[in-house]
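# Tertiary structure, described
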There are 6 protein chains.
Amino acid sequence: MVYITRKAEFCASHRLHNPKLSDDRNRALYGPCNNPNGHGHNYTLEVTVRGIPDPQTGMVMNLQELNRLINREIIDRVDHKNLNIDVDFLWGVIPTAENIVMCFWQLLEKALPPFCALHEVRLWENEHNMAFYRGS
Amino acid sequence: MVYITRKAEFCASHRLHNPKLSDDRNRALYGPCNNPNGHGHNYTLEVTVRGIPDPQTGMVMNLQELNRLINREIIDRVDHKNLNIDVDFLWGVIPTAENIVMCFWQLLEKALPPFCALHEVRLWENEHNMAFYRGS
Amino acid sequence: MVYITRKAEFCASHRLHNPKLSDDRNRALYGPCNNPNGHGHNYTLEVTVRGIPDPQTGMVMNLQELNRLINREIIDRVDHKNLNIDVDFLWGVIPTAENIVMCFWQLLEKALPPFCALHEVRLWENEHNMAFYRGS
Amino acid sequence: MVYITRKAEFCASHRLHNPKLSDDRNRALYGPCNNPNGHGHNYTLEVTVRGIPDPQTGMVMNLQELNRLINREIIDRVDHKNLNIDVDFLWGVIPTAENIVMCFWQLLEKALPPFCALHEVRLWENEHNMAFYRGS
Amino acid sequence: MVYITRKAEFCASHRLHNPKLSDDRNRALYGPCNNPNGHGHNYTLEVTVRGIPDPQTGMVMNLQELNRLINREIIDRVDHKNLNIDVDFLWGVIPTAENIVMCFWQLLEKALPPFCALHEVRLWENEHNMAFYRGS
Amino acid sequence: MVYITRKAEFCASHRLHNPKLSDDRNRALYGPCNNPNGHGHNYTLEVTVRGIPDPQTGMVMNLQELNRLINREIIDRVDHKNLNIDVDFLWGVIPTAENIVMCFWQLLEKALPPFCALHEVRLWENEHNMAFYRGS
C-alpha cells in the first residue's frame with residue numbers, strides 16, 4: 001500500500017454563525033470569526049489517496065487525474081467564493097474547518113476510481129489552524 | 001543606514017468592483033475577484049523601515065514597538081474584516097493590493113517616530129500575488 | 001472523529017549535555033549541540049486534538065481556546081527562555097526534541113477538556129529535525 | 001514510543017516512460033512527464049524512525065547519525081543525478097514518486113540500527129505532489 | 001509608482017557545460033551540475049512590474065493578464081522541459097540561473113503593455129540559490 | 001549587471017543586554033530578549049553579490065564558491081554558538097539583527113573576489129523579524 005497526496009489552494013470568504021443561537025452567544029463562541037460582514041482565507045487542501053501502485057504505470061492513481069478530480073469536485077466550486085452563500089453543498093453548514101473537511105470527504109470519496117481509497121482530507125485555514133478527517 | 005522588516009498576517013474578505021462601471025465591465029475586468037458575495041485571503045504584510053542603529057541599543061527601531069505600531073495602525077483594523085465594508089480608511093477605495101498598500105503607507109508613515117523612515121510596504125494576497133510601494 | 005491541529009512558535013536556547021557522562025562522551029554524543037554556552041532554535045509546535053464536532057458549533061474544540069491553552073501551558077513558559085535553566089518542568093531533563101515533546105504531552109493532556117483527546121504533539125527544531133509523540 | 005523525522009533535499013531529473021508500452025500510450029499516461037529529454041525536481045525526502053528514547057541520551061536515534069545514514073544510502077546517490085540513468089538501485093524502475101519511495105524504504109530499512117524501526121518515508125516532488133510508504 | 005509581483009513555478013532539467021572547454025575544466029567549474037545525464041529543479045520565477053495604478057481599476061496591470069503573459073512567454077515553453085535541448089530561446093546558452101534570467105527578461109520586456117515597465121526578474125533554482133536581473 | 005543570492009541557515013543563542021545601562025533599563029528596552037539565561041533562533045542569512053556574468057561560465061560568481069566563502073567566514077563561526085560569548089568578531093557588540101548584519105558585511109566584503117561586489121546582506125531572526133544592510 002502506497003499513499004499519494006495532492007495539495008491544492010483556494011481563496012474564499014466565510015462567517016462563523018449559528019442562526020439558532022443569539023447574537024451574543026455567537027460572538028462569544030466565534031469571536032472575530034463571527035464578524036457580520038465576513039472575512040476570508042487562502043485555504044490549503046491536502047487530499048491523500050492510498051492503493052497498490054499499478055506495476056505497468058508505477059502509479060497508485062494518476063496525479064494529473066487526481067488533480068482534475070479535486071478541481072472539478074472542490075476547487076471550481078469554492079475558489080473565489082463566499083462559503084456561506086455561493087456553495088450549494090455547504091448550505092446550512094457552519095463553515096468551520098471541521099465541517100468543511102467532512103463535506104469535502106463526501107464529495108471526494110464518491111468521485112474516486114474503485115482501485116484506490118480516500119485516506120485523509122486536510123484543510124489548512126491559515127499557517128496555524130488545520131483540520132483533517134479520515135472518514136470515521 | 002540599516003533596514004529592518006517586520007512581517008505580520010491578517011485574514012480578510014474583499015470584492016473587486018468599481019460601482020462607476022457596468023456589471024459586465026466589472027466581470028471582464030476582475031473575473032472571479034468580482035464575485036458579488038466576495039472571497040478572501042490570508043494577507044501577509046511586510047513593513048520595512050530604515051535608519052541608523054542607535055549605538056546604545058543597536059536598534060534602528062525597537063522591533064516590538066514596530067510590531068505594536070503595525071498592529072494598532074493596520075492589523076487591528078483589517079484582521080477578520082471585510083475590506084469593502086468594515087475598514088474606514090478603505091471606504092471608496094477598490095481594495096486591490098496596489099490600492100491597499102498605498103493606504104497602508106499613509107497610515108504607517110504618519111505613525112513612525114522621527115528617527116527612522118518608512119522604506120517599503122509589501123502586501124502578499126497569496127503565495128503568487130504581491131504589491132509593494134516605496135512612497136513615490 | 002475529526003482532528004484539529006494548532007501550530008505555535010517559540011524561540012529558546014538549549015544545550016544537550018548529560019552530567020552523568022564525561023565531557024568527552026558528551027562531545028562525541030551531541031557534537032555541536034554540546035557547546036558549553038548553548039545555542040538556540042525557533043521551535044515550531046503542532047498540537048493535534050481529536051473529537052466529534054459539536055453539532056451546535058461545528059467545532060471539535062474552539063481553536064481560540066486551544067490556542068490559549070497552548071500558550072498558557074507551553075509557550076508562555078518556554079518562549080525566549082533557556083530550556084536548561086528557566087523552565088521548571090524541564091529541570092533534570094536533557095532537552096532533546098524527543099524529551100521535550102513527551103513533557104509537552106503531559107502538560108497538554110491534563111489541560112484539555114474532557115470532550116476531546118490529545119492525538120499528537122509535534123516539535124520541529126528547525127527545517128530538518130522533528131520529533132512527535134502520540135502518548136504511548 | 002517516540003517518532004523522529006529528518007528532512008533532506010536533492011535535485012534530480014527524470015522521465016516517466018514504460019518501454020513496454022507504445023509512445024502514444026506513454027504520452028497519454030504520463031503527459032508532460034513523458035517528455036523525451038526529461039525534466040527535473042527539487043525533491044524533499046522525509047524519513048521517520050520510531051523507537052524508545054535512550055534514557056542516557058534522550059534520543060531515539062542520534063539525528064546526526066540518521067542524517068549521515070540518509071546521505072550515504074540515498075542523497076549521495078541521487079543528488080544532481082538523472083534518476084533513469086545514473087542510479088543503480090532504480091534501473092528498470094519507472095521513477096514515479098510511488099516507486100522511488102518504495103526503493104528508498106528498502107535501502108533505509110536495511111541500514112537502520114536494530115534499536116529503532118523505520119516508520120515512514122515521504123517524498124515531495126514539488127509543492128503539490130507527494131507519496132509516502134509505511135512498509136506494507 | 002507601485003510595483004506588482006507575480007510568482008510562477010516550473011520544473012525542468014538542465015546540465016551546466018561549456019562545449020568550448022575540456023571535460024576536466026567543465027567538471028572543475030560546475031562540479032555535480034556538470035553531470036552528463038543532467039539533473040533538475042523546481043524553479044520559482046518572480047516577475048516584478050512597475051507603473052501607476054489606473055484610477056478606474058486600481059491596478060498597475062491586471063494580475064490575471066500578467067499571469068497569462070508569463071505562462072505564454074515563459075512557463076509553457078520551459079515547464080517539464082530539458083533546458084539544454086527543448087527550449088529554442090536557450091539554444092547555445094549555458095543554463096545558469098544568471099543566463100536564464102537575462103533571457104527571460106528579453107522575452108518579458110517585449111511582451112509587456114506600454115503603460116507599465118519590467119522592474120525585476122528573479123529565479124530561484126532551489127531554496128538556497130537565486131539570481132535576479134533589473135535590465136542593466 | 002546580474003545579482004545572485006545564496007541563502008544559508010545557522011542556529012545560535014543570544015541575549016540582548018547593554019552592560020552600560022541598568023538592569024531595569026535593559027529590561028524595558030529589550031523585553032523578553034533580555035532574559036539573563038538567553039534564548040535562541042534559527043537564523044536565515046541571505047547574501048547577495050552583483051557582477052557581470054563571465055561569458056565563458058555564465059556565472060557572476062561560482063555559487064559553490066560563494067557557499068564555501070559564506071561557510072568559512074560566517075556559518076562555521078556562528079552555527080551552534082552563543083553569539084554573546086563564542087564569536088570573536090561579535091565581542092562587545094550587542095547582537096541585535098542590525099549589528100550582526102553589519103559585522104557580517106565587513107567579513108564578507110573583504111573575502112569576495114575582485115570581479116564581483118557585495119550588494120546586500122539579509123538576516124532573518126525568525127519568520128517575522130529581519131534586518132538588511134547595503135554597506136552605507
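How each quantity is defined
- Counting of residues starts from 1 at the beginning of each chain's written sequence and follows it residue by residue.
- In the order they appear in the text, chains get letters beginning with A and ligands get numbers beginning with 1.
- Only residues with pLDDT of 70 or above have their local features reported here, since the model is predicted, and side-chain atom pairs are shown and tallied only from 80 upward, although totals for entire chains, interfaces and linings are computed over all residues.
- Just so you know, side-chain values use all the structure's heavy atoms and leave hydrogens and water out.
- Classification of ring pairs uses Phe, Tyr and Trp, with its six-membered ring standing for Trp, and accepts pairs whose centres are within 6.5 Å; under 30 degrees between planes counts as stacked, over 60 as edge-to-face, and the remaining range as tilted.
- Segments assigned H or I by DSSP are reported as helices when at least four residues long, segments assigned E as strands when at least two residues long, and all are numbered from the N terminus.
- Categorising residues by exposure relies on relative accessible area from a 1.4 Å probe, with only protein chains included: less than 20% of the type maximum marks a residue as buried, more than 50% marks it as exposed, and the intermediate range marks it as partly exposed.
- To superpose the copies, least squares is applied to the C-alpha atoms of every residue with a pLDDT of at least 70 in both.
- Any two residues having at least one pair of non-hydrogen atoms within 4.5 Å are treated as being in contact.
- Buried surface area refers to the total accessible area, computed with a probe of radius 1.4 Å, that the two partners give up upon joining, counted for both partners together.
- The working definition used for a salt bridge is a side-chain nitrogen of Lys or Arg within 4 Å of a carboxyl oxygen of Asp or Glu.
- Two strands form a pair only when DSSP identifies at least two bridges running between them.
- pLDDT measures how confident the predictor is about each residue, on a scale from 0 to 100.
- Patch membership requires over 30% relative accessible area and the absence of a salt bridge. Like charges are linked within 9 Å, and nonpolar side chains (Val, Leu, Ile, Met, Phe, Trp, Tyr) within 5 Å.
- For the accessible areas, the method is Shrake-Rupley and the probe is 1.4 Å, while residue cover comes only from the protein chains on display.
- Positive: Lys, Arg. Negative: Asp, Glu. His and the chain ends are not part of the count.
- In this description, the location of a charge corresponds to atom NZ of lysine, CZ of arginine, CG of aspartate or CD of glutamate.
- For helices, the fitted axis covers only the stretch in contact; all axes are lines through C-alpha atoms, and the angles between them, taken along N-to-C directions, range from 0 to 180 degrees.
- An angle below 35 degrees is read as roughly parallel, one above 145 as roughly antiparallel, one from 65 to 115 as roughly perpendicular, and any other as oblique.
- Each helix crossing is assigned a hand: it is left-handed if the near helix lies turned anticlockwise from the far helix by less than a right angle, otherwise right-handed if that turn is clockwise.
- Under the scheme applied, nonpolar residues are Ala, Val, Leu, Ile, Met, Phe, Trp, Tyr, Cys and Pro; charged residues are Asp, Glu, Lys and Arg; polar residues are all the others, including Gly.
- In this analysis, the expected span of each helix is defined as 1.5 Å times one less than the number of residues it contains.
- Two axes enter the definition of the bend at a residue: one is fitted to the seven residues ending there, the other to the seven starting there, and the bend is the angle between them.
- Nitrogen and oxygen atoms within 3.5 Å of one another constitute a polar contact, given that in protein one can donate a hydrogen and the other can accept it, and given that sequence-neighbouring residues count only through two side-chain atoms.
- Cysteine sulfur atoms that come within 2.5 Å of each other are treated as a disulfide pair.

### A closer look at the packing of aromatic side chains
What the rule picks out here adds up to 30 aromatic pairs over all chains. Between F10 of chain B and F104 of chain B the ring centres are 6.1 Å apart and the planes differ by 65°, which places this aromatic pair in the edge-to-face class. Here F10 of chain B is found in strand β1 (residues 2-14), whereas its partner F104 of chain B is found in helix α3 (residues 97-111), with 94 residues between them in sequence. Side by side, F10 of chain B and F104 of chain B carry an identical accessibility label, which is buried. Pairing W105 of chain D with Y133 of chain D gives two aromatic rings, centres 5.4 Å apart and planes at 80°, and the pair type is edge-to-face.

### Some points on the relation of the copies chain F and chain B
With an RMSD of 0.0 Å, the fit of chain F onto chain B corresponds to turning through 120° and sliding 0.0 Å along the axis. In short, the pair behaves as if placed about a three-fold rotation axis. Taking the C-alpha atom as reference, chain F places E127 of chain F closest to the rotation axis, 8.7 Å from it.

### Digging into the relation of the copies chain A and chain B
In the superposition of chain A on chain B (RMSD 0.0 Å, axial shift 0.0 Å), the rotation amounts to 180°. The two molecules are tied by a two-fold rotation axis, judged by turn and shift. Both copies contact each other with a shared surface, as 100% of the interface residues of chain A are interface residues in chain B too.

### Here's the deal with the interface of chain F and chain B
Reports often express the size of an interface as the amount of accessible area lost when the parts come together. Taken residue by residue, the interface counts 22 residues in chain F and 21 residues in chain B. Taken together, the two surfaces of chain F and chain B that pack against each other cover about 1,800 Å², and 52% of this comes from carbon and sulfur. The largest per-residue losses of area from chain F upon contact with chain B belong to E98, H128 and F132 of chain F, which jointly make up 33% of the total buried on that side. Between the two partners, chain F and chain B, sit zero salt bridges. Elements represented by at least two residues in the side of chain F that touches chain B include exactly α1 (23-30), α3 (97-111) and β5 (129-133) of chain F. If you tally residues by element for the side of chain F that touches chain B, the top one is β5 of chain F, at five residues. Direction of pairing for β1 of chain B relative to β5 of chain F: antiparallel, over a ladder of five bridges.

### Topic: the interface of chain A and chain B
At the interface, 19 residues of chain A touch 19 residues of chain B. Taken over both partners, the interface formed by chain A and chain B buries close to 1,400 Å², and the fraction arising from carbon and sulfur atoms is 50%. Contact with chain B buries surface across chain A, with N37, N42 and H80 of chain A losing the most and accounting together for 39% of the total. On inspection of chain A and its partner chain B, the count reaches zero salt bridges. Of the residues forming the side of chain A that touches chain B, the biggest block, four residues, is contributed by strand β2 (residues 39-51) of chain A.

### Focus on the confidence of the model for chain A
The pLDDT averaged across chain A works out to 98; a share of 100% of its residues lies at or above 70. For this predicted complex, the interface confidence comes out at an ipTM of 0.96, alongside a pTM of 0.97.

### A word on a negative patch on the surface
A cluster of like negative charges, contributed by E9 and E127 of chain A, E9 and E127 of chain B, E9 and E127 of chain C, E9 and E127 of chain D, E9 and E127 of chain E together with E9 and E127 of chain F, occupies part of the molecular surface. The topology assignment puts E127 of chain B in the loop between β4 (117-124) and β5 (129-133).

### Focus: the packing of helix α2 (residues 63-78) of chain B against α3 of chain B
Residue and element names in this part refer to chain B. Axis separation between α2 and α3 bottoms out at 9 Å; the angle between their running directions is 150°. Relative to α3, the element α2 is oriented roughly antiparallel. Crossing hand, α2 versus α3: right-handed. Along its contact with α2, which presents L69, I70, R72, E73, I74, R77 and V78, the element α3 presents F104, L107, L108 and A111. Class assignment for the residues of the contact of α2 with α3 results in eight nonpolar, no polar and three charged.

### Re α2 of chain B
Given 3.6 residues per turn, any residue in an α-helix points the same way as the ones three and four places further on. Here α2 of chain B spans 21 Å end to end across 16 residues, near enough to the 22 Å set by a 1.5 Å rise per residue. The sharpest bend along α2 of chain B comes to roughly 50°, located at N71 of chain B. Turning to α2 of chain B, its buried residues number three or more, namely L63, L66, L69, I70, E73, I74, I75 and V78 of chain B. Elements that come into contact with the buried residues of α2 of chain B comprise β1, β2 (39-51), β3 (81-82) and α3 of chain B together with β5 of chain F. Looking one or two residues past α2 of chain B, H80 of chain B carries a phi angle of roughly 60°, positive in sign.

### Things to note about the side chain of H119 of chain C
For H119 of chain C, the location among the structural elements is in strand β4 (residues 117-124). In terms of polar contacts, H119 of chain C uses its side chain to reach the side chain of R50 of chain C, at 3.2 Å. Every residue in contact with H119 of chain C, bar those within four places of it in the chain, is listed here: R134 of chain A together with Y3, T48, V49, R50, W105, Y133 and R134 of chain C.

### A short note on the environment of S136 of chain F
For S136 of chain F, the position within the fold is in the segment after β5. The exposure class of S136 of chain F is exposed, given its relative accessible area of 64%.

### Quick word on the side chain of H39 of chain D
By the element assignment, H39 of chain D lies in strand β2 (residues 39-51). In terms of polar contacts, H39 of chain D uses its side chain to reach the side chain of H41 of chain D, at 3.5 Å. The residues touching H39 of chain D, leaving out its near neighbours within four places in the chain, are A12, S13, H14, P32 and C33 of chain D together with C11, A12, S13, H80 and K81 of chain E.

### Considering the pairing of β5 of chain B
Residue and element names in this part refer to chain B. In terms of burial, β5 is largely enclosed, as five of its five residues are buried. A two-sided burial pattern is seen for β5, the buried positions comprising N129, A131 and Y133 on one face and M130 and F132 on the other. Strand direction decides the pairing type here: β4 and β5, joined by four bridges, are antiparallel. Each residue of the ladder has a partner; that of L123, found in β5, is A131. The antiparallel hairpin formed by β4 and β5 contains four residues in its connecting segment.

### A few points about the state of the cysteines
According to the stated counting rule, one finds zero disulfides over all chains in the structure shown. Here C116 of chain A stays unpaired: no disulfide links it, and the sulfur of C33 of chain D, its closest cysteine neighbor, is 18 Å away. Since its relative accessible area comes to 10%, C116 of chain A is described here as buried. C33 of chain F provides the cysteine sulfur closest to C11 of chain C, a residue in no disulfide bond, and the two sulfurs are 6.8 Å apart.

### Some words on the pairing of strand β2 (residues 39-51) of chain E
Residues in a regular strand point their side chains to alternate faces of the sheet. Residues and elements named next belong to chain E. In terms of burial, β2 is largely enclosed, as twelve of its 13 residues are buried. Across 13 bridges, the pairing between strand β1 (residues 2-14) and β2 is antiparallel. Of the residues in β2, the one forming a bridge with K7 is E46. Relative to strand β4 (residues 117-124), β2 is paired through seven bridges, and the arrangement is antiparallel. Within the sheet, the bridge partner assigned to R50 lies in β4 and is A117.

### Some thoughts on the pattern of salt bridges
Applying the stated rule across the entire model yields 30 salt bridges over all chains. Among the salt bridges present, the one from E73 of chain E reaches R72 of chain E, with a minimum N-O distance of 3.3 Å. Connected through salt bridges with shared partners, the residues E120, R122 and R134 of chain A form a single ionic network.

### Points about helix α2 (residues 63-78) of chain A
Here the buried face of α2 of chain A lies against β1 (2-14), β2, β3 (81-82) and α3 (97-111) of chain A together with β5 (129-133) of chain D. A side-chain oxygen of the first residue of α2 of chain A lies 2.9 Å from the backbone nitrogen of Q64 of chain A; this N-cap is N62 of chain A.

### Comments concerning the environment of D86 of chain C
Its place among the elements puts D86 of chain C in the loop between β3 (81-82) and α3 (97-111). Look at D86 of chain C and you get partly exposed, because its relative accessible area is 23%. Separated by 30 residues in sequence, D86 of chain C and C116 of chain C place their C-alpha atoms 31 Å apart. Only 2.9 Å separates the side chain of D86 of chain C from the side chain of N35 of chain F, close enough to count as a polar contact.

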